Amino acid sequence: MRTKSMRGLGLVAVVASGALVLAGCGSSDDGGTASDTASESASESTGGEDPAAADGGNAGGTINVLTLEEQFLHIDPQRVYTGVDLAFLNGYMQRTLTAYKFAEGAEGVTIVPDMATDLGTPNADGTQWSFTIRDGVTFEDGSEVGCADVKYGVSRTFAQDVITDGPTYAISLLDIPTDADGASVYKGPYVTEGNDMAAFDAAITCSDDNKTITFNLSRPSGDFNYTVTLTAFSPVPAAADTGEGYDNAPVSSGPYKISEYTKGQKMVLVRNENWNPDSDDYRPAYPDQIVVQFALDPSAIDQRLIADAGDDQTAVTFAGLTPESLATVFAGGDPRFTERSVDGLDPYVRYLAINTQKVPNQKQRQAIAVAINRGELITIAGGDFAGSEGDGVIKPNLATDYEASGMWDGLLGGTVPSEGDPELAKKLIAESGEPMPAITYDYPQTPTNDKAAASIQAALAAAGIECKLNAIEAGQYYGVVLDPEQEGALVSAGWGPDWQNASTVIPELFGVNGGFNLSRVDDPAFEEMVQAALANTDRASQAAEWKELNKYAMEQAWAIPTRFGKIQYLWGSKVGNAYLWDAYGSFPFGELYVAQ
Amino acid sequence: MSLTVEPGSAEGAALLGNGASSGDFAGLSLRALAWRRLRRDKAAMVAMVFLLLVAFIAIFTPWIVGLMGLDPYSFDQEALDPALGSIPLGPWGGISWDHPLGVEPLTGRDIFARLLYGARVSLFIASTSVLFIVIIGTTVGIVAAYKGGWLDTLIGRLTDLILAFPFLLILIALSPVLTQRLEAIGFSPEWARFGYIIIVFVVFGWPYLARLIRGQVLSLREREFVEAAVATGAPTRRILFKEMLPNLWAPIIVYATISLPTLIAAEAVLSYLGVGIIEPTPSWGKMLSDSVRYFVIIPSYLFIPGTVLFLVVYSFNVFGDAIRDALDPRGSRNN
Amino acid sequence: MIRRILTGILILILLSMVTFLLFNALPADPAALTCGKSCNPQVIAANRVRLGLDQPLYMQYVEFVKGIFFGRTYGSGTATFECDAPCLGYSFRKGEQVTPLILKALPVTIWLSLGAFLLWLIPGVLLGIYASRRRGRWQERVTLGSALVGYSFPSFFIGLLLLFFVVIRWQWLPYPSYISPFENPVQFLQTMVLPWLTLALVYMAFYIRLTRNQLLETYSEDYIRTARAKGLKEGVVIRKHALRAGLTPIVTAAGLDLAGLLGGAIITESIFSLPGVGRLAVDAVIDADLAVITATVLLAGTFIITANIVVDLLYAVIDPRVRLA
């Protein structure tokens, strides 16, 4: 999934911090694996059937969200793909069949039923999944949500010219034929001519009572019930769909609805009277109102939270603290902050993709990897708070699939210290048998990234590699590097899994059809193993395959993992239930309350 | 429509044009008188000495910094505290014998060295831009006034058009395109940025001076000595360079002195907006915009480049004002 | 006068053409920008048609101009929509028509500009008068010298310092959050006072200096000497005679500065999170949102051109010696 993008910043004040990962096209949530047993209620802190009324002490008030962004990149449920945005919209407005549990730690990446009565029923080989929608689930106009609305929502993903930027698992997983070009024969609900509606109707079927939805998949999927946590699988009433315009005013199915959305200024969510608490065990819906304040200076956001005055006492954020605030908040266990701050792993691996079209020689790629001063890059990103050294594209908090790859302990031809080894790099270049080409480093421009680029350039120069820096405006970054014509040899990137399975990492980053294949990998032997792993429904042996493939990719030096990222949040003193929610590396928005 | 006075804004566009007031500098060939007036202005003299010192340091930066055993590019992780967001170890932003003005957070690069190298960059960009503005502005202004007719009209419309653009916005918006173009024709990324900034400064800077000069030339043409030269059949070039140009120095010098500090400040604004000088090259603007974010925990980091930038710009302004007073007796406090 | 207006319109047309051309040279393909993760050439091609980018440049320009006067239709299939005149285009990045976006941002910028304008013009002129009355004395030096201080800092620096100290450190004011003055005048003032102050500090020095110089110049004119000789009070001399005669350049500068700000006070709006035109434009630049960039550049240009015409008109009102040719 992608992190919050760092728009806005290139200019003014720039970004926050280390979290520069922007995945322009990144992935979605990093969710959890875990199992299907957690079927009871979502949040323990929710007390009672009617959460808004119950827990009288917690209901009411206004939660303020402070952000440097000008606006949400998208709020159309089918187009949202930023982890934090998913957490926000799913928590307040867009219900999904299943959702991540509101809980700290590993429990936070397990799923619970939301609109569905349970966690779904697969057939024997995992190619068909059925979910039954609860009674009383309604849109904001009071009309009942049925299978047809979910189906219509999913159909929108196929209109790839209008519904852009969203996750495309519906397209890759549903059993719909493709044409000669590999595009789906179904083109979404807006096209009538030359559009194979029947294929889509066969892929998703509704029961006669419009309650049960069945997905027919093109390959086995053992964890499709995690896939449907994405709001791309949220219901949309066909009558209200305005295509492009739906991104400004999506219809709510959750406890809140939009009362004002002024881009560059604020969004106000108020209670949706037609939300039926009896149909929703998942959302406690404590506050009366949620106000998102856009376009703030990132340093100012930190300073407001530190000051903790007035309305900022009920404030949370989308982005983490900037490095310049860390000393203030975390130094010496200042009691003003210990109770309202958190420091933990985020879902993302920061890495440098090496474009194999530009550097086809494996030894030369390894030379680049060996030359980089990883320790310095972490220091520049903020030191210990920025994260720890990475050794692969799978992170330890994806526990099932993680295993030390040994990348820096011999995989590249020797032990590589964190400051890099220019001599080993030179040796690898000599062994490559070809002259080392001059390379270009692409990165989204922010002050912090500029400094990291200077470090990379210097480290490569020490190994005799000439590197040109190509700073790209943050907002356009992924648009540029995802274009093969424009991409350089070395590319700054960050990625987190869409759910707790490396199937949302390895194939995306290094698969032929991977949506984030910045390394431009086209390796048939590797691809075959990827396909085998994808079709493997035995989770344990699948995990072993991912570990192998991760190691394979690192040995090929398709990517240089620079950091297993961390994030720090600070929140207002009157915010209740605030913690780092591992599902999205964000606050658990749907569960926050205002302490009275 | 023609402007007789340049706008004094500082919000971008006008950064270039401000200050050049409508003062009529005609007939000021009394250079000695002006210099005497200037010398009596103590503040101006202090400013001038300071600026000469800065210029000296900027020219000899590599030697000065080298002698002190510093360099502006090398990272120093040892000087930083990884447990506190990579801020400098020690008080006052890590001021020590090794780093006389402390180090930059996140990188540990030496601030003293970067400040001095930054002076080079800032002054180079500002003075080169002013040089081109003066050459182009003066030439176009003279040509427009002297040739008149459709050429004058054309130049008039062109300046109108350029001055109608929201300069700052255009500058930001075109930055990616133009720097890429410059890189494509063989500039290094560093020089492409320099070139881009200079080009934009010049393109949006010359029209003001051209108008000023045009007005000067038009009024000079009516003067006796020029009319005399024309009557004696002197060639145009001789009239322009021998008779006109000496009388244009006053407005040109004033304009240049006032433009320099605005361009130095404009460079800082560009860096703040992320379209200025690119890493690893140091610049004052970048130091300032970086340091603003650290003001709470490392005030000295903000204070040092802020003070230096302020002193230089302020000195230029004081000096520029004094020159204007000296050259323009009517506005002067000393006559 | 008619000729001046016609010239103004000509410049505006030229401006729109140059702007259109300049931004078509942006390297980012706007069609590609509308395309997400599963981008492929077909989608880009489809979007190009949908956005009208498949047409030659001059046709796109014609469409754009037509949209301003007659409105236009975007989209294809069932997902089309109308953009009513005056249609300044459609932002696919924001998913909104440009005209309402600008109409929403404009009041913020107008309030910001007008307030700052009064705050620098009135004290600036008054201080200029004061300095001129204390010519050669320490008061003049202090006035001019201290005005230069504000002028010698980049505006972002002053703005951020004010924000950090006044709002965050000392908490004398709540954090700026724009609201219409008709809705909540107190919060409006609390929000705007620092941005006004920032702009005023930056601009004021020039006006002090200009006023002083103009006055010094007119003091030496015969009719002022005459007025003084007649025994008129000094205040009357300044107000009725000196200031009036020296007003022209001040009006010009003020008019153009105000116009420049109305086109968007980029830095100040950014620092204080004011959702004005400048902020809109910067955001558009970051997003490579061509429709919004074009519209905001045009808007800013229109303000400047209009201001030039208005200033010319004012000349005639203020100074009877100027005739409108």
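These numbers come from a predicted model, not from an experiment.

### Section: the packing of aromatic side chains
Here comes step 1: Per the stated rule, a full pass over the model turns up 56 aromatic pairs over all chains.
Here comes step 2: If you follow Arg374 of chain A out to its NZ or CZ, it ends over the ring of Trp408 of chain A, 3.5 Å from the centre.
Here comes step 3: Sitting above the plane of the Phe75 of chain B ring, Arg109 of chain B keeps its charged end 5.3 Å from the centroid.

### Quick look at the interface of chain A and chain B
Here comes step 1: Between chain A and chain B, the contact holds 37 residues from the first and 29 residues from the second.
Here comes step 2: Both sides together, the interface formed by chain A and chain B hides about 2,800 Å², and carbon and sulfur atoms give 57% of it.
Here comes step 3: Where chain A packs against chain B, one counts one salt bridge.
Here comes step 4: Run the count over chain A and chain B and you get five residue pairs in polar contact (both at pLDDT 80 or more).
Here comes step 5: Those elements that provide at least two residues to the side of chain A that touches chain B are helix H6 (298-307), helix H7 (323-330), helix H10 (374-381), strand S14 (439-445), helix H12 (447-462) and strand S15 (467-473) of chain A.
Here comes step 6: Per element, the largest residue contribution to the side of chain A that touches chain B is seven residues, and it comes from H12 of chain A.
Here comes step 7: For the side of chain A that touches chain B, a count of residues per class yields 16 nonpolar, 13 polar and eight charged.

### What to know about the packing of helix H15 (residues 524-535) of chain A against helix H16 (residues 539-555) of chain A
Residue and element names in this part refer to chain A.
Here comes step 1: H16 packs onto H15 with a crossing angle of 155° between their chain directions and a minimal axis gap of 9 Å. With respect to H16, the axis of H15 lies roughly antiparallel. As for how H15 packs across H16, the hand of that crossing is left-handed. Within the contact between the two elements, H15 uses Ala525, Phe526, Met529, Val530, Ala532, Ala533 and Leu534 and H16 uses Gln542, Glu545, Trp546, Leu549 and Tyr552.

### Some thoughts on the sheet that holds strand S5 (residues 128-132) of chain A
Residues and elements named next belong to chain A.
Here comes step 1: A sheet is described by the order of its strands in space; here four strands give the open sequence S4-S5-S7-S6, paired in antiparallel fashion. This sheet does not close on itself; its edge strands, each paired only once, are strand S4 (121-122) and strand S6 (204-206).
Here comes step 2: By the bridge criterion, two bridges tie S4 to S5 in an arrangement that is antiparallel. Counterpart to Pro122 in the pairing with S5 is Trp129.
Here comes step 3: With respect to the sheet, helix H2 (residues 147-157) is in contact with S6 and strand S7 (212-216), its orientation differing from that of S6 by roughly 165°.

### Describing the interface of chain B and chain C
Here comes step 1: Opposite the 58 residues of chain B that make contact, chain C presents 67 residues.
Here comes step 2: Inspection of the chain B/chain C interface yields zero salt bridges.
Here comes step 3: Put simply, chain B and chain C have two residue pairs in polar contact (both at pLDDT 80 or more) between them.
Here comes step 4: Listed by contribution, the elements that provide at least two residues to the side of chain B that touches chain C are helix H7 (149-164), helix H8 (167-184), helix H11 (236-272), helix H12 (284-292) and helix H13 (299-327) of chain B.
Here comes step 5: When residues of the side of chain B that touches chain C are assigned to their parent elements, the largest contribution, eleven residues, is made by H13 of chain B.

### Looking at the domain arrangement of chain B
Here comes step 1: For chain B, the assigned domains read domain 1 (10-39) and domain 2 (43-74 + 109-326).
Here comes step 2: Spacing between the C-alpha centres of domain 1 of chain B and domain 2 of chain B amounts to 15 Å.

### Concerning the pairing of strand S12 (residues 341-354) of chain A
All names here are of chain A.
Here comes step 1: Judged by how many residues are buried, S12 sits mostly within the fold: twelve of 14 residues are covered.
Here comes step 2: Two elements, S12 and strand S17 (residues 559-570), share ten bridges in a ladder whose sense is antiparallel. When the sheet's bridge partners are listed, Ser341 is paired in S17 with Leu570.

### Here's the deal with the sheet that holds strand S10 (residues 289-293) of chain A
All names here are of chain A.
Here comes step 1: What the five strands build is an open sheet, ordered S8-S9-S10-S1-S11; its pairing is mixed. Strands with a single pairing partner mark the edges of an open sheet, and in this sheet they are strand S8 (256-262) and strand S11 (315-317). Adjacent strand axes in the sheet meet at a mean angle of 20°, parallel and antiparallel pairs treated alike.
Here comes step 2: Sheet analysis places strand S1 (residues 62-66) next to S11, joined by three bridges and oriented parallel. Residue Asn64 lies in a different strand from S11, and its bridge partner there is Ala315.

Definitions and limits used
- Residues numbered from 1 in each chain as written.
- Chains lettered and ligands numbered in written order.
- Predicted model: local features only at pLDDT ≥ 70, side-chain atom pairs only at ≥ 80, totals over all residues.
- Heavy atoms only, no water.
- Phe/Tyr/Trp six-rings, centres within 6.5 Å; stacked < 30°, edge-to-face > 60°.
- Lys NZ or Arg CZ within 6 Å of the ring centre and 35° of its normal.
- Contact = heavy atoms within 4.5 Å.
- Buried area = accessible area lost by both parts, 1.4 Å probe.
- Salt bridge = Lys/Arg side-chain N within 4 Å of Asp/Glu carboxyl O.
- Polar contact = N/O pair within 3.5 Å; in protein donor to acceptor, adjacent residues only side chain to side chain.
- Helix = DSSP H or I, 4+ residues; strand = E, 2+ residues; numbered from the N terminus.
- Nonpolar A, V, L, I, M, F, W, Y, C, P; charged D, E, K, R; others polar.
- Axes fitted to C-alpha atoms, helices over the stretch in contact; angles between N-to-C directions.
- Parallel < 35°, antiparallel > 145°, perpendicular 65-115°, else oblique.
- Left-handed = near helix turned anticlockwise from the far one by under 90°.
- Pairing = 2+ DSSP bridges.
- Domains from an automatic or database assignment.
- Buried < 20%, exposed > 50% of the residue type's maximum accessible area, 1.4 Å probe, protein only.

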